[in-house]
Amino acid sequence: MARGPLRCKIGPSILNADLSQLYLESQRLLDNGADYLHLDVMDGHFVPNLTIGHPVVKCLRSKIKTAFFETHMMVSNPEKWIEPMADAGVNLYTFHIEPVKEIPKMCRLIREAGMKVGLALKPATGIEEVRQFIELADVVLIMTVEPGFGGQKFMNDMMPKVQWLRHNYPLLDIEVDGGVGLNTINACSEAGANMIVSGTAITNASNQRAVIASLRETVESSIHKCNV
């Protein structure tokens with residue numbers, strides 16, 4: 001797949017935001033410099049928690065017309081939600097490879113629905129499980145916590161997966177999610193991640209703009225070093 005030049009993208013996770021004010025919280029994140037919104041969808045089955053579904057995403061899209069939406073589908077049957085999420089205005093449909101038997105078919109269906117494809121790996125899933133499918137994807141997401149809950153501690157031992165991906169796919173969009181903030185961004189950026197999902201570190205910050213800018217500066221510095 002043809003890939004453009006590598007760019008840093010910061011995507012706040014709204015999981016720990018005030019969901020009663022979802023539109024206002026989301027708009028504030030975008031106004032403060034977020035490149036996209038990372039929307040965590042959990043089914044209470046693949047992970048032991050329930051969050052938002054496509055009706056909420058569709059309502060959010062009706063208010064926020066142009067921002068880039070990624071749905072992180074922590075669900076047992078991601079194929080079931082492709083059409084509803086496409087209809088809701090999702091741009092990037094990132095699904096976990098673990099419960100999916102026919103990954104190429106999933107990727108094709110997502111593209112046919114007009115969305116970009118993301119492949120997500122839980123911490124226990126080795127990089128060899130996704131290797132043969134990377135060319136089918138726009139993004140590979142390396143979870144740096146166990147999916148299902150916000151506010152967990154960052155797992156530094158996931159960085160070799162990111163390093164392997166960046167070494168072998170210099171222009172791939174590599175996303176990290178879980179425990180990512182000002183204290184852990186260096187490890188992520190040095191390993192080669194360029195799409196940064198950050199939850200509480202951004203949403204709970206007194207100065208969201210400053211935190212987003214700091215995360216971006218660290219990642220852009222690493223991308224620049226790679227390109228020199």
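Residues numbered from 1 in each chain as written. Predicted model: local features only at pLDDT ≥ 70, side-chain atom pairs only at ≥ 80, totals over all residues. Heavy atoms only, no water.

An unreviewed UniProt entry lists the protein chain under the name Ribulose-phosphate 3-epimerase, with Ignelater luminosus as the source organism. Under the UniProt heading Pathway (unreviewed entry), the entry covering the protein chain gives this text: "Carbohydrate degradation; pentose phosphate pathway; D-xylulose 5-phosphate from D-ribulose 5-phosphate (non-oxidative stage): step 1/1." According to its UniProt record, the protein chain has this under Catalytic activity (unreviewed entry): "D-ribulose 5-phosphate = D-xylulose 5-phosphate". (UniProt positions renumbered as here; feature names shortened; annotations may be inferred.)

## With respect to the overall build of the protein chain
In terms of helices and strands, the protein chain carries eight helices and eight strands. In summary, the protein chain has a C-alpha radius of gyration of 16 Å against a globular reference of 17 Å for 228 residues, a match within 12%. Seen along its three principal axes, the alpha-carbon backbone of the protein chain occupies a region of about 45 × 40 × 30 Å. Each of the 228 residues in the protein chain was classed as buried or not, and the buried ones make up 54%. In the protein chain, 65% of the contacts between residues at least 6 apart in sequence involve partners at least 24 apart. Looking at the protein chain as shown, the accessible area adds up to about 10,300 Å², and 51% of this sits on carbon and sulfur atoms. The protein chain carries 22 positive and 25 negative side-chain charges, and their two centres are separated by 3 Å. (Helix = DSSP H or I, 4+ residues; strand = E, 2+ residues; numbered from the N terminus. Rg over C-alpha atoms; globule rule 2.2 N^0.38 Å. Buried < 20%, exposed > 50% of the residue type's maximum accessible area, 1.4 Å probe, protein only. Contact = heavy atoms within 4.5 Å. Areas by Shrake-Rupley, 256 points an atom, 1.4 Å probe, with all protein chains shown as cover. Lys, Arg positive; Asp, Glu negative; His and termini not counted. Charge placed at Lys NZ, Arg CZ, Asp CG, Glu CD.)

## A look at helix α4 (residues 103-112)
Looking at α4, one finds that the buried residues are Ile103, Met106, Cys107 and Ile110. Down the axis of α4, the sector holding all buried residues measures 100 degrees, keeping them to one side. For α4, the elements touching its buried residues are α3 (82-87), β4 (92-96) and β5 (116-121). Directly beyond the C-terminal end of α4, a positive phi value near 90 degrees is found at Gly114. (Arc of directions from axis to C-beta.)

## Things to note about the UniProt feature "binding site: substrate" (unreviewed entry) in the protein chain
UniProt tags Ser13, His72, Gly148, Phe149, Gly150, Gly151, Gly179, Gly199 and Thr200 as "binding site: substrate" (unreviewed entry). With respect to the helices and strands, Gly148 occurs in the loop between β6 (139-143) and α5 (159-168). You can call Gly148 buried: its relative accessible area is 2%. Ignoring sequence-local partners within four residues, the contact set of Gly148 consists of Met42, Val47, Asn49 and Met74. Considering the arrangement of structural elements, one finds Gly179 in the loop between β7 (173-177) and α6 (185-191). Take Gly179: its relative accessible area is 35%, and that puts it in the partly exposed class. Residue contacts for Gly179: discarding those within four places in its chain leaves Val145, Gln152, Phe154 and Thr184.

## Describing helix α2 (residues 54-63)
If you check which residues of α2 are buried, you get Val57, Leu60 and Arg61. Projected down its long axis, α2 carries its buried residues within an arc of 100 degrees, all on one side. Pointing more than 90 degrees away from the buried face of α2 are the exposed residues Cys59 and Lys63. Buried residues in α2 make contact with α1 (22-31), β2 (36-42), β3 (68-74) and α3.

## Looking at the nonpolar core
Counting residues in each nonpolar core, the largest one holds 66 residues, and the members touching the most others are Tyr93, Phe95 and Leu119. Residues in contact with Leu119, not counting those within four places in the same chain, are Thr94, Phe95, Ile97, Ile103, Cys107, Val130, Phe133, Ala137, Val139, Val140 and Leu141. (Core = buried A, V, L, I, M, F, W, Y, C linked by side-chain atoms within 4.5 Å.)

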